[in-house]
Amino acid sequence: MNTEGDAMLREPIKKSSESWVVQPNLTDYETTCNSFVWDEVLRELDQLPDGKGLNIAHEAVDRHAQGAAGERVAFRWLGSDGAVRKYSYSELKRQSSRFANVLKSLELGKGDTTCVLAGRIPELYIAALGAFKNRSIFCPLFSAFGPEPVFQRLSRGDARILVTTERQYRQKVAQFREGLPNLRHVLLVDVKEHLQDGLLSFSRMMSEASDEFSIPPTSPEDMAALHFTSGTTGMPKGAVHVHDAVLTHYITGKYVLDFHPGDVFWCTADPGWVTGTSYGIIAPLLHGITNIIDEADFDAERWYRILASQKVNVWYTAPTAIRRLMRIGIEPRLRYDLSNLRLIHSVGEPLNPEAVVWGEKALGLPIHDNWWQTETGGIMISNFPSMEIRPGSMGRPLPGVEAAVVRRVGKERVEIIEEPNVQGELALKPGWPSMFRGYLHDEERYRKSFVSGWYLTGDLARRDKDGYFWFVGRADDIIKTAGHMVGPFEVESTLLEHPAVAEAGVIGKPDPLIGELVKAFVALKPGIQATEDLRLELIGFARKRLGSAVAPKEIEFQSNLPKNKAGKIMRRLLKARELGLPEGDLSTLEMDE
Ligand code: ATP
Ligand code: MG
């Protein structure tokens, strides 16, 4: 491990109370952290009547639907074809109750896995909330998965029912149906009548079901969702989540996303990934605000238009999308009215300092990075709205979450690295409510994630003297070169500072002399030629900033870097290809690289 200074590529972005449009919910971080007790979050929620426990759907929908808030818009759905549909809280209550009754009528109940394989259509959201009500397990399957990954997840997740479209079913599921004996029912959202036993019409079932449903007693420890990880480092893992997670969803909505009454929120993540469920469905509803759902895929013009026309106040997106917007190189601020936008957040991959600062220039607001994983169920480390942003840092731990940088001492023990700026593994103290309760069918892997009372995240980070955490890389991606430990993120961020570079992915390539040499794969901005001169210029540029030990020795141009369907650069694939090794599980690879 090497010790580094606070090597910041960009100056901190100060915040002052004069610039606040609304006062953030969290203004005194230290005091809030010191007095924070998870149980007290319950007081801001409702809980089921008569001590019947805690259910996500009750907190997200039913409690708002009763009373004046019932007519407030919960979802504003924007169809790819231009259609707009609004769902009030009371409408959402009725629809989700109908779906809960559908599940019940099919004799599905507590613990039965309800998979949804569909794009961002309203039925997906209704099915998720209905499944929570019925204490069934919601398991989203990303709609762009091919047949094999869909089969894998249906089978490993022990799906009892699948909600999907006819086309998805015929293309991806029908041929495997016999191999899925537990999948008793498939509900097609776009057929009007039942087709055969086990292949039913969603709308028919819904129209025959009552829109009144009394949520049965739900223990906070009852399983609520099954989320597969993104498959960036290997075979996707199934993370088990429970209803208690709602406390994290609520408090991160309050302190990180900083929801205020009347807000319009847009989370661009698909519910096929945990962000699209925890924050694309649950958290905004918990706060009774309006959630935008866009059915269409990324399109820069469309996105800017949505931000402007929907008057989005809080926007949650990802580095891959931000880099794509940066690549286009327009000044959106001059063309769109983004004056309602108050906060921009990003998650999923490291957010390069260049991108944080680009936000300020192009959108009028810096981008707030936050860190979490499928396993943590909700945001754990964040740049809070009231706090200075240090571009390139993930921010500070959520009140109620204890994070540390640790080093392993043998197999059975870790110790905390107290000294600032020393890199080690990022660890969290178990106890936050949305922590995963298991890896599906992999008890041993789950057990091994906990050492000396810490959950080890598999990410490397360092903590500066003020408690800001800095992402270094995935433990698997770390490069050992000539006695140094080099994190790919730092090298990638430096390359991104060069005006010609759109994307960078950095790996360690075995080298007989220095162990591994740093190799960078670079995608250039549109219209820029990949010449030998530019290659040498980039090597020189990186050397000047990083020093020769850390700067890439080799740079290779590619028109696009391989990413998974969650939009993350797959360094393991860059490495496997470089070394001519087997490419491993490719079920989540985005094919149009
Ligand atoms: P798999 O576990 O299957 O390899 P994955 O880790 O990409 O896939 P997710 O749970 O979706 O699956 O992603 C969590 C990981 O994404 C984190 O462990 C971290 O490596 C990365 N990540 C998320 N947010 C950030 C961030 N703000 N900065 C840096 N890395 C981030
Ligand atoms: Mg992971």
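Owing to the predicted nature of the structure, the values given are computational and were not obtained by experimental measurement. (Residues numbered from 1 in each chain as written. Chains lettered and ligands numbered in written order. Predicted model: local features only at pLDDT ≥ 70, side-chain atom pairs only at ≥ 80, totals over all residues. Heavy atoms only, no water.)

Participant: Would you mind going over the packing of helix H3 (residues 56-65) against helix H10 (residues 274-286) with me for this structure?
Facilitator: Between two packed helices, the angle of one axis relative to the other and the distance separating the axes together describe the packing. Axis separation between H3 and H10 bottoms out at 8 Å; the angle between their running directions is 50°. In terms of axis orientation, H3 runs oblique to H10. Viewed along their axes, H3 and H10 form a crossing whose handedness is left-handed. From H3, Ile56, Glu59, Ala60, Val61, Arg63 and His64 reach across to H10, where they touch Ile282, Leu285 and Leu286. Residue classes in the contact of H3 with H10 are distributed as six nonpolar, one polar and two charged. (Axes fitted to C-alpha atoms, helices over the stretch in contact; angles between N-to-C directions. Helix = DSSP H or I, 4+ residues; strand = E, 2+ residues; numbered from the N terminus. Parallel < 35°, antiparallel > 145°, perpendicular 65-115°, else oblique. Left-handed = near helix turned anticlockwise from the far one by under 90°. Contact = heavy atoms within 4.5 Å. Nonpolar A, V, L, I, M, F, W, Y, C, P; charged D, E, K, R; others polar.)

Participant: Would you mind going over the packing of aromatic side chains with me for this structure?
Facilitator: The relative placement of two aromatic rings is captured by the distance of their centres and the angle of their planes. A complete count under the given rule lists 25 aromatic pairs for this structure. Relative to Trp38, the ring of Phe36 lies with its centre 4.9 Å away and its plane at 85°, an arrangement referred to as edge-to-face. Under the relative-accessibility criterion, Phe36 is labelled buried at 17%. The ring of Phe145 is capped by Arg153, whose NZ or CZ atom sits 4.1 Å from the centre of that ring. (Phe/Tyr/Trp six-rings, centres within 6.5 Å; stacked < 30°, edge-to-face > 60°. Buried < 20%, exposed > 50% of the residue type's maximum accessible area, 1.4 Å probe, protein only. Lys NZ or Arg CZ within 6 Å of the ring centre and 35° of its normal.)

Participant: Quick question: what am I supposed to make of helix H17 (residues 532-546) here?
Facilitator: Over its 15 residues, H17 runs 21 Å from end to end, which matches the ideal 21 Å to within 8%, given 1.5 Å per residue. Buried residues in H17 make contact with helix H16 (488-496), strand E26 (501-511), strand E27 (515-524) and strand E28 (554-557). Directly after H17, the chain includes Gly547, whose backbone phi takes a positive value near 85°. (Expected span 1.5 Å × (residues − 1).)

Participant: Explain the packing of helix H6 (residues 147-156) against helix H7 (residues 166-173) here, please?
Facilitator: In contact at an axis separation of 9 Å, H6 and H7 are set at 90° when each is read in the N-to-C sense. The orientation of H6 relative to H7 falls into the category roughly perpendicular. Across the interface between the two elements, Pro147, Val150 and Leu154 of H6 pack against Gln171, Lys172 and Val173 of H7. Tallied by class, residues from the contact of H6 with H7 come to four nonpolar, one polar and one charged.

Participant: Any chance you could explain the nonpolar core here in plain terms?
Facilitator: Soluble, globular proteins show a tendency: their nonpolar side chains are buried together. Counting residues in hydrophobic clusters, the biggest one holds 98 residues, and the most contacted among them are Phe99, Ile281 and Leu285. Contacts of Ile281, omitting those with residues within four sequence positions, involve Phe75, Leu124, Tyr125, Ala128, Leu129, Phe138, Pro271, Gly276 and Asn291. Listed in part, the 30 residues of the second largest apolar core include Ala300, Ala308, Trp358 and Ile367. (Core = buried A, V, L, I, M, F, W, Y, C linked by side-chain atoms within 4.5 Å.)

Participant: Can you help me understand the domain arrangement of the protein chain in this one?
Facilitator: Interfaces are often described in size by the accessible area the parts lose on coming together. When the domains of the protein chain are assigned, the result is domain 1 (23-31 + 43-463) and domain 2 (477-579). One C-alpha centre belongs to domain 1, the other to domain 2; they are set 32 Å apart. Considering only the side of domain 1, the residues that lose the most area to domain 2 are Thr232, Arg323 and Arg327, jointly responsible for 31% of the buried surface there. At the surface where domain 1 touches domain 2, the tally comes to zero salt bridges. Seen at the junction of domain 1 and domain 2, the total is nine residue pairs in polar contact (both at pLDDT 80 or more). Secondary-structure elements contributing two or more residues to the side of domain 1 that touches domain 2 are helix H12 (319-328) and helix H14 (353-363). (Domains from an automatic or database assignment. Buried area = accessible area lost by both parts, 1.4 Å probe. Salt bridge = Lys/Arg side-chain N within 4 Å of Asp/Glu carboxyl O. Polar contact = N/O pair within 3.5 Å; in protein donor to acceptor, adjacent residues only side chain to side chain.)

Participant: Even after reading the chapter, I still don't get the site of ligand 1, so can you show me in this structure?
Facilitator: In the region of ligand 1, 22 residues are neighbours, and Ser230, Thr232, Thr233, Thr374 and Lys568 sit closest. One nitrogen or oxygen atom from the main chain of Glu349 is found 3.5 Å from a nitrogen atom belonging to ligand 1. Contact distances for ligand 1 include 3.5 Å between a nitrogen atom and a backbone N or O atom of Pro350. The residue makeup of the shell around ligand 1, split by class, is six nonpolar, nine polar and seven charged. (Near = heavy atom within 4 Å.)

Participant: What is the right way to read the pairing of strand E18 (residues 413-416) from this model?
Facilitator: Looking down a regular strand, the side chains alternate between one sheet face and the other. In the sheet, strand E17 (residues 403-409) pairs with E18 via four bridges, with the strands oriented antiparallel. Each bridged residue has a counterpart across the sheet, and for Arg408 the counterpart in E18 is Val414. Remark: three residues form the turn of the hairpin made by E17 and E18, two consecutive strands paired antiparallel; Gly410 in that turn has positive phi of roughly 70°. (Pairing = 2+ DSSP bridges.)

Participant: How do you make sense of unusual backbone geometry when you look at a structure like this?
Facilitator: Glycine aside, residues mostly have negative phi angles, and peptide bonds mostly take the trans form. Of note, the phi angle at Asp50 is positive, near 55°, even though the residue is not glycine. You can see Asp50 is positioned in the loop between helix H2 (38-41) and H3. Note on Asp50: relative accessible area 75%, which makes it exposed. With phi around 65°, Asn421 is a residue other than glycine that occupies positive phi space. On the secondary structure map, Asn421 appears in the loop between E18 and strand E19 (424-428). On the basis of relative accessible area, Asn421 is assigned to the buried category, the value being 9%.

Participant: Whenever I open this one, the pattern of salt bridges confuses me. Can you help?
Facilitator: Enumeration according to the criterion identifies 41 salt bridges in this entry. Residues Arg10 and Glu497 are paired through a salt bridge, measuring 2.8 Å at the closest nitrogen-oxygen approach. Of this pair, Arg10 sits in the segment before helix H1 (29-35) while Glu497 sits in the loop between H16 and E26, and the two are 487 residues apart along the sequence. For Arg10, a relative accessible area of 24% puts it in the partly exposed group. Taking relative accessible area as the criterion, Glu497 reaches 17% and is therefore assigned buried. Salt-bridge contacts for Asp211 lead to Arg98; the nearest nitrogen and oxygen are separated by 3.9 Å. Here the residue Asp211 occupies a position in the loop between helix H8 (202-208) and strand E8 (223-228), and Arg98 occupies one in helix H4 (residues 89-105), the gap between them amounting to 113 residues. Exposure remark for Asp211: the relative accessible area of 24% places this residue in the partly exposed category. Assessed through its relative accessible area of 23%, Arg98 is described here as partly exposed.

Participant: Just checking my understanding: could you explain the side chain of Arg177 for this structure?
Facilitator: Tracing the chain through its elements places Arg177 in the loop between H7 and strand E6 (185-188). Although Arg177 is buried, it forms no salt bridge, and the closest oppositely charged side chain is Asp197 at an N-O distance of 9.4 Å. Side chain to side chain, Arg177 and Tyr169 meet in a polar contact 3.0 Å long. Not counting residues up to four positions away in its chain, the partners in contact with Arg177 are Tyr169, Leu183, Arg184, His185, Val186, Gly198 and Leu199. (Lys, Arg positive; Asp, Glu negative; His and termini not counted.)

Participant: What am I meant to see in the side chain of Asp258 here?
Facilitator: Note that Asp258 resides in the loop between helix H9 (246-255) and strand E10 (264-267). Although Asp258 is buried, it makes no salt bridge; Arg342 carries the closest opposite charge, 4.1 Å away. If we skip the residues at most four places from it in the chain, Asp258 touches Pro24, Asn25, Thr252, Gly253, Asp263, Arg342, Leu343 and Pro385.

Participant: Just to check I follow, could you spell out the environment of Pro217 for this structure?
Facilitator: Counting through the fold element by element, Pro217 comes out in the loop between H8 and E8. Through-space distance from the C-alpha of Pro217 to that of Arg170 is 37 Å; in sequence the pair is 47 residues apart. In contact with Pro217, not counting residues within four places along its chain, are Leu48, Lys52, Arg135 and Asp222.

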